[in-house]
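One letter stands for each residue in the lines below.
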Amino acid sequence: MKLQWNQIDWKKAEEQVNRLQVRIVKATLEQKRRLVKRLQYLMTNSFYAKALAVKRVVSNKGKRTPGIDGELWETDKAKMEAVRRLDCKTYHASPLRRIYIEKYGKKEKRPLGIPTMSDRAMQALQLLALEPVAETTADRISFGFRRYRSPEDAREYAFSVLSRKDSPQWILEGDIKSCFDKISHQWMLENIPADRRILKEFMKCGYIDKGQLFPTTEGSPQGGVISPTYANMVLDGMEPMILDVYWRSRVKKTLSVKYNNHKVHMVRFADDFIVTASDKGTLEEIKAMIEKFLEQRGLALSMEKTVITHINDGFDFLGWNFRKFKGKLIIKPSHKPMSRITKKISGLIKDNRTATQETLIRKLNEVIVGWANYHHSTCAKRSFGTIDHRIWEMLWRWSKRRHPNKSKGWIVRKYWKTYKGRKWTFMSDTNILFLMMDMPIVRKGRMALDKNPFLDPVYFEHRAKKHRLDRKKAICSNRVAQIGYYAL
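Definitions and limits used
Residues numbered from 1 in each chain as written. Predicted model: local features only at pLDDT ≥ 70, side-chain atom pairs only at ≥ 80, totals over all residues. Heavy atoms only, no water. Helix = DSSP H or I, 4+ residues; strand = E, 2+ residues; numbered from the N terminus. Buried < 20%, exposed > 50% of the residue type's maximum accessible area, 1.4 Å probe, protein only. Axes fitted to C-alpha atoms, helices over the stretch in contact; angles between N-to-C directions. Parallel < 35°, antiparallel > 145°, perpendicular 65-115°, else oblique. Contact = heavy atoms within 4.5 Å. Nonpolar A, V, L, I, M, F, W, Y, C, P; charged D, E, K, R; others polar. Pairing = 2+ DSSP bridges. Patch = residues over 30% accessible without salt bridge, like charges linked within 9 Å, V, L, I, M, F, W, Y side chains within 5 Å. Areas by Shrake-Rupley, 256 points an atom, 1.4 Å probe, with all protein chains shown as cover. Salt bridge = Lys/Arg side-chain N within 4 Å of Asp/Glu carboxyl O. Lys, Arg positive; Asp, Glu negative; His and termini not counted. Charge placed at Lys NZ, Arg CZ, Asp CG, Glu CD. Polar contact = N/O pair within 3.5 Å; in protein donor to acceptor, adjacent residues only side chain to side chain. Phe/Tyr/Trp six-rings, centres within 6.5 Å; stacked < 30°, edge-to-face > 60°. Lys NZ or Arg CZ within 6 Å of the ring centre and 35° of its normal. pLDDT = per-residue confidence, 0-100.

S.K.: Residue-level account of the side chain of Glu131, with values.
M.R.: Inspection of the secondary structure puts Glu131 in helix α5 (residues 117–137). Look at Glu131 and you get buried, because its relative accessible area is 15%.

S.K.: Summarise the packing of helix α13 (residues 335–351) against helix α14 (residues 357–374); cite the residues concerned and give the values.
M.R.: One way to put it is that α13 packs onto α14 with a least axis distance of 10 Å and a crossing angle of 170°. Considering the angle they form, α13 stands roughly antiparallel to α14. Along the contact surface, α13 presents Pro337, Met338, Ile341, Lys344, Ile345, Leu348 and Ile349, while α14 presents Leu360, Lys363, Leu364, Val367, Ile368 and Trp371. Grouping the amino acids of the contact of α13 with α14 by side-chain chemistry returns 11 nonpolar, no polar and 2 charged.

S.K.: Provide a residue-level description of the pairing of strand β12 (residues 416–419), including the pertinent values.
M.R.: By the bridge criterion, 3 bridges tie β12 to strand β13 (residues 422–426) in an arrangement that is antiparallel. Bridging across to β13, Lys417 finds its partner in Thr425. Once β12 ends, the chain turns through 2 residues before running back antiparallel as β13, passing Lys420 with a positive phi of about 50°.

S.K.: Describe a positive patch on the surface, naming the residues involved and giving the relevant values.
M.R.: Positive charge collects at one region of the surface, where Lys106, Arg110, Lys305, Lys336 and Arg340 lie side by side. Turning to its location among the elements, Arg110 is positioned in strand β2 (residues 109–114).

S.K.: Describe in detail the sheet that holds strand β3 (residues 170–175), supporting the description with residues and values.
M.R.: As a general point, the strands of a sheet are linked pairwise by backbone hydrogen bonds and lie either parallel or antiparallel. Ordered in space as β6-β7-β3-β8, the 4 strands form an open sheet in which the pairing is antiparallel. This sheet does not close on itself; its edge strands, each paired only once, are β6 (265–269) and β8 (307–310). For this sheet, the mean angle separating the axes of adjacent strands, direction not counted, is 20°. Looking at chain direction, β3 and strand β7 (residues 272–277) are connected through 6 bridges and run antiparallel. Within the sheet, the bridge partner assigned to Trp170 lies in β7 and is Ala277. Its contacts with the sheet place helix α6 (residues 151–162) against β3, β6 and β7, and it is angled at close to 165° to β6.

S.K.: Explain the sheet that holds strand β1 (residues 96–102) to me, using residue names and the numbers behind them.
M.R.: An order of β2-β1-β4-β5 is seen for the 4 strands of this open sheet, with the pairing classed as mixed. Looking along the sheet, the strands with just one partner apiece sit at the ends: β2 and β5 (212–214). With direction set aside, neighbouring strand axes in the sheet form an average angle of 45°. The sheet contact formed by β1 and strand β4 (residues 207–209) spans 2 bridges and is parallel. Counterpart to Leu96 in the pairing with β4 is Tyr207.

S.K.: For the pairing of β1, give the residues involved together with the corresponding values.
M.R.: For β1 and β2, the ladder comprises 6 bridges, and the chain directions are antiparallel. Within β2, the position partnered with Tyr100 by the bridge is Pro111.

S.K.: I'd like to hear about unusual backbone geometry, residue by residue, with values.
M.R.: Unusually for a residue other than glycine, Tyr148 sits at a positive phi of about 65°. Mapped onto the secondary structure, Tyr148 falls in the loop between α5 and α6. The partly exposed category is assigned to Tyr148, whose relative accessible area is 37%. Residues other than glycine seldom take positive phi values, yet Lys210 does so here, at roughly 55°. If you trace the backbone, Lys210 turns up in the loop between β4 and β5.

S.K.: Go over the environment of His92, please, and point to the residues and values.
M.R.: Here His92 shows up in the loop between α4 (76–85) and β1. Measuring from C-alpha to C-alpha, the distance between His92 and Arg197 comes to 9.5 Å, with 105 residues separating the pair along the chain. Apart from the residues within four sequence positions on either side, His92 is in contact with Asp119, Arg197 and Glu201. At 3.2 Å, the side chain of His92 forms a polar contact with the side chain of Glu201.

S.K.: An account of the environment of Trp416 is requested, with residue identities and associated values reported.
M.R.: Within the element layout of this structure, Trp416 appears in strand β12. Under the relative-accessibility criterion, Trp416 is labelled buried at 5%. With 12 residues separating them in the primary sequence, Trp416 and Ser428 have C-alpha atoms 8.7 Å apart. If we ignore the near neighbours within four places in the chain, the residues touching Trp416 are Trp392, Leu395, Trp396, Ser399, Ile411, Trp424, Thr425 and Phe426.

S.K.: Tell me about the packing of aromatic side chains, residues and numbers included.
M.R.: In this description, an aromatic ring pair is defined by two values, namely the gap between the centres and the angle between the planes. Applying the stated criterion across every chain yields a total of 22 aromatic pairs. Judged by centre distance (5.2 Å) and plane angle (80°), the rings of Tyr459 and Phe460 are edge-to-face. Under the relative-accessibility criterion, Phe460 is labelled buried at 4%. An aromatic cluster of at least three residues, connected via ring pairs, comprises Trp392, Trp396, Trp398, Tyr415, Trp416, Trp424 and Phe426. Cation over ring: Arg155 sits above Trp320, and NZ or CZ is 4.7 Å from the ring centre. Taking NZ or CZ as reference, Lys406 lies 4.8 Å from the ring centre of Trp410, over its face.

S.K.: Describe in detail the confidence of the model for the chain, supporting the description with residues and values.
M.R.: Confidence along the chain averages 92 in pLDDT terms, with 99% of residues attaining 70 or more. The spread of mean pLDDT over the elements of the chain runs between helix α18 (residues 479–482), the lowest at 79, and helix α1 (residues 10–29), the highest at 97.

S.K.: Go over the pattern of salt bridges with me, naming the residues and quoting the values.
M.R.: Enumeration over the complete set of coordinates arrives at 16 salt bridges. Residues Lys444 and Glu152 are paired through a salt bridge, measuring 3.3 Å at the closest nitrogen-oxygen approach. With Lys444 in the loop between β13 and α17 (457–476) and Glu152 in helix α6, the pair connects residues that are 292 residues apart, well separated along the chain. By relative accessible area, Lys444 is classed as buried at 14%. In this structure, Arg268 and Asp236 form a salt bridge, with 2.8 Å as the shortest nitrogen-oxygen distance. Of this pair, Arg268 sits in strand β6 while Asp236 sits in the loop between α10 (227–235) and α11 (238–246), and the two are 32 residues apart along the sequence. When salt bridges with common partners are traced through the structure, they connect Glu152, Asp153, Lys444 and Arg463 into a single cluster.

S.K.: For the side chain of Arg155, give the residues involved together with the corresponding values.
M.R.: Positionally, Arg155 belongs in helix α6. Assessed through its relative accessible area of 1%, Arg155 is described here as buried. Side chain to side chain, Arg155 and Ser377 meet in a polar contact 2.7 Å long. Beyond its immediate chain neighbours, meaning those up to four positions away, Arg155 contacts Trp320, Phe322, Ile331, Ser377 and Thr378.

Below is the structure:
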């Protein structure tokens, strides 16, 4: 009797795959390229790896979004058949289904390629073999699309570099123009340690737009599971190139931060990065170095978005504004995300003009809590208060529109209550609107950059657990928790 989908031991599968990934990491550190290649072959032909690849595809948000073939894996039988069909020797990629998504504040739309379910599963399988190599060879200051790393970690590293009195004062804000769309295929085939035939299938599969097939001659298609890892590997090497010039001793030829007289540091999240220095001239030199580095990979800096700024004037990075006020570095939500969340909440309220108060509160809380969680470890209290006030104004207009012939007092009594000593509580019988001001500010410590997620998982688990406990303590000590404000 053949093994069924619901009979797979997922814990054992993860253990087997993780064991192979650890071996790949160790072989990469020892620079045993042939051994890495053999282990990657074992990974991509492992039953458990194939099962985990299919599981990833059918578990994520895009599981109900088909490719050009319209196929979805919704039954256990279809999932098991997909595992058996995953074969690297006979695999051929299908063209992508091209869609376009909105770009905030711009008329142009971002192209997105939707692979078929089979292509997504093959990408997930290849990623299991490639990710250990990518993590081991990655720049230590790269934080985007990497295991156990997040925008918060990039922000904390930037804070450690810029917060002191003797910190660098000048910042190069870098942005790569159409990064995913312009990557050189030739460079990827020559430099990325993966199955070249499969890699070529991914790169050259083309896309279908309005019923017409178009070839892909450059770029890594956005929308694929493995695309962010490819993009990271293309950009890896930027930091070592810069540090080799500015951190190296001219006498001993050794590399150390103590020789960093120009205070050069770098932080990168995917294709967005900043470089710091003590003077503007140094950043002009570094900018020329980066342009040359990117040119070899078919990429270029965006001239509009790449600027050199003084820390006292401030700059935006990953949705936060970094700026010094009288020598003190303040990190707070920047203007653009605040405008975006206001527009999103406004649209949500307008779309629910006739919805019940209970439905509106539930939908608003999902958006409000998510945005507050992203910014909860910055100086965001004033921003939270601003957004809360904007929401109150929008809800007031929403309630007045529903009852144009009623008095203001009647509207207030219907929708806003005095609850546990707090007036103007927008609540129904079963739910309360969350106020961003009730989100406690909890800092997240700087991570150790020399840890590998495959060799040091205990460190990352302990770090995540500590931050969860810190947040739990802050929430429990909050006034609203003590009075049970949100407990209905």
